[in-house]
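Examination of the molecular architecture
Given next are the chains, with one letter for each unit.
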Amino acid sequence: MSSNSNLTLLQKADLALSDLSGAGKGGLLQPEQAATFLRKVIDQPTIINRARTVGMGAPTRKINKIGFGSRILRAATSATALTSAQRSKATTEQIEMTAKEFVAEIWLPYDVLEDNIERAEAANNEGSNTGPGGLRNTLITLIAQRAALDLEEIGLLSDTTSVDADLATQDGWLKLAKNNGNDVDVALAPISKSMFKSAKLAMPDKYLRDTPSMQHYVSHDQETEYRDILADRATALGDRMVEGSTKLMAFGSEIIPVALMPQARGVFCNPQNLIFGMYRDISLEYDKDISARVYKIVLSTRVAFQIEEAEAVVHYDNIG
């Protein structure tokens, strides 16, 4: 390839990367691009796509809760008002989410971009690479795929006492569930129906009205182990477990494998009780280093994780 062709390709790559930043946005994604990026993150096959996503218009968001924890209907007496002791009072509570900032820096060598441009939709390397099907969406998709896994890890494993600086910014779902929810210590016993039975018994009855909406989240290996246990049955169910052609259920709730769930831990809850907050402005900035011959993309975002009703979550600990 001639030097002129290389220059043309790099110029087109530069235009594509410039398109990522959004004209006049100072490095911020345009609203449509930001929505696309967030949607791609949420759509990845992780626990995040089942959790309740909350858009945060500010770094801190407070969520108000109100409800009645006990009976409000009383036996009536004709022409007589209820006494003050009989009247009901709503219980109010507030939880707070504070978004923490995370940043990713991606370096793309010139030759990598050249190869991507050469494999573009337009065989003659015309400007279609800056369009909806070009390099812009490729990069957004790749970044979103990796970010989804990272966000799952942060959401599950964050702990302010962690020695891992990336995980020490806030408490994640597992710690919140263990400290504030219902903890079931499996005592290193292997995964079994008894474990799932214990979780359902540990869940307060008032939250079991919609058991089919609740799910057990365990690691992929633990899910495989339980399928193997059921597969030993000389029944049609056993065959389907080997084939993996049917949902894995336990006491009315589905068992879902989660990519970055620790082997010894798990969660049982309605996934909408797990809150994933993302601050609205997603910054995606670019630059290039002509000496190193690389383009640089820096992604930064602010995210928060919370449990709306901790009492409605069961945490599995010490699964063998």
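Use the structure listed above.
Right, let's walk through the structure included here. (Residues numbered from 1 in each chain as written. Predicted model: local features only at pLDDT ≥ 70, side-chain atom pairs only at ≥ 80, totals over all residues. Heavy atoms only, no water.)

1. Describing the pattern of salt bridges
In this structure the tally under the stated criterion is nine salt bridges. Between R52 and E308 there is a salt bridge whose closest N-O contact spans 2.3 Å. With R52 in strand β1 (residues 52-56) and E308 in the loop between β12 (294-307) and β13 (314-317), this pair connects stretches of sequence that are 256 residues apart. Given a relative accessible area of 24%, R52 falls into the partly exposed group. Judged by its relative accessible area of 23%, E308 is partly exposed. In this structure, the salt-bridge partner of R146 is D150, at a minimum N-O distance of 2.9 Å. Of this pair, R146 and D150 both sit in helix α4 (residues 135-157), four residues apart, which is roughly one turn of that helix. The class for D150 is partly exposed, based on a relative accessible area of 31%. (Salt bridge = Lys/Arg side-chain N within 4 Å of Asp/Glu carboxyl O. Helix = DSSP H or I, 4+ residues; strand = E, 2+ residues; numbered from the N terminus. Buried < 20%, exposed > 50% of the residue type's maximum accessible area, 1.4 Å probe, protein only.)

2. A look at the pairing of β12
In terms of burial, β12 is largely enclosed, as 11 of its 14 residues are buried. Pairing of strand β10 (residues 274-279) with β12 involves five bridges; the strand directions are antiparallel. Within β12, the residue paired with I275 across the bridge is Q306. Taken together, strand β11 (residues 283-289) and the strand that follows it, β12, pair antiparallel across an intervening segment of four residues, in which R293 is found at a positive phi of about 60 degrees. (Pairing = 2+ DSSP bridges.)

3. A few points about the nonpolar core
Ranked by internal contacts, the top residues of the largest apolar core, which has 41 residues, are F37, W173, F276 and I307. Contributions of two or more residues to this core are made by α2 (31-43), β4 (100-109), α4, α5 (173-180), β8 (253-258), β9 (266-269), β10 and β12. Counting residues per element, this core draws most heavily on α4, at nine residues. With residues near it in sequence (within four places) discarded, I307 still touches I95, W173, L176, A177, N273, L274 and V313. In terms of nonpolar packing, the next biggest core, distinct from the first, is built from 21 residues, I191, M195, A199 and L248 among them. (Core = buried A, V, L, I, M, F, W, Y, C linked by side-chain atoms within 4.5 Å. Contact = heavy atoms within 4.5 Å.)

4. Section: the sheet that holds strand β7 (residues 249-250)
Backbone hydrogen bonds are what pair the strands of a sheet, in a parallel or an antiparallel way. Within the open sheet, the six strands sit side by side as β5-β13-β9-β6-β8-β7. Their pairing is mixed. The sheet is open, and its two edges are formed by β5 (182-185) and β7, each paired on a single side. Inspection of the sheet shows strand β6 (residues 215-219) paired to β9 by three bridges, in the antiparallel sense. The residue of β9 that forms the bridge with Y217 is V267. Strand contacts of helix α6 (residues 193-202): β5, β6, β7, β8, β9 and β13, with the helix running at about 145 degrees to β13, the strand carrying the most contacts. Where helix α7 (residues 220-231) meets the sheet, its contacts fall on β6, β7 and β8, and the angle it forms with β6 comes to roughly 110 degrees. (Axes fitted to C-alpha atoms, helices over the stretch in contact; angles between N-to-C directions.)

5. Digging into the side chain of N273
Structurally, N273 is set in the loop between β9 and β10. Ignoring anything within four residues of it in the chain, the contact list for N273 reads Q306, I307, E308, E309, A312 and V313.

6. Examining unusual backbone geometry
At A187, a residue that is not glycine, the phi angle is positive and equals roughly 60 degrees. Within the secondary structure layout, A187 lies in the loop between β5 and α6.

7. Points about the packing of aromatic side chains
If you walk through the whole model with that rule in mind, you get four aromatic pairs. Between F276 and F305, the aromatic rings sit 5.4 Å apart at their centres with planes inclined by 20 degrees, giving stacked as the arrangement. Here F276 is found in strand β10, whereas its partner F305 is found in strand β12, with 29 residues between them in sequence. On the basis of relative accessible area, F305 is assigned to the buried category, the value being 4%. Every member of this aromatic cluster is reached through a ring pair, and the members are W173, F276 and F305. (Phe/Tyr/Trp six-rings, centres within 6.5 Å; stacked < 30°, edge-to-face > 60°.)

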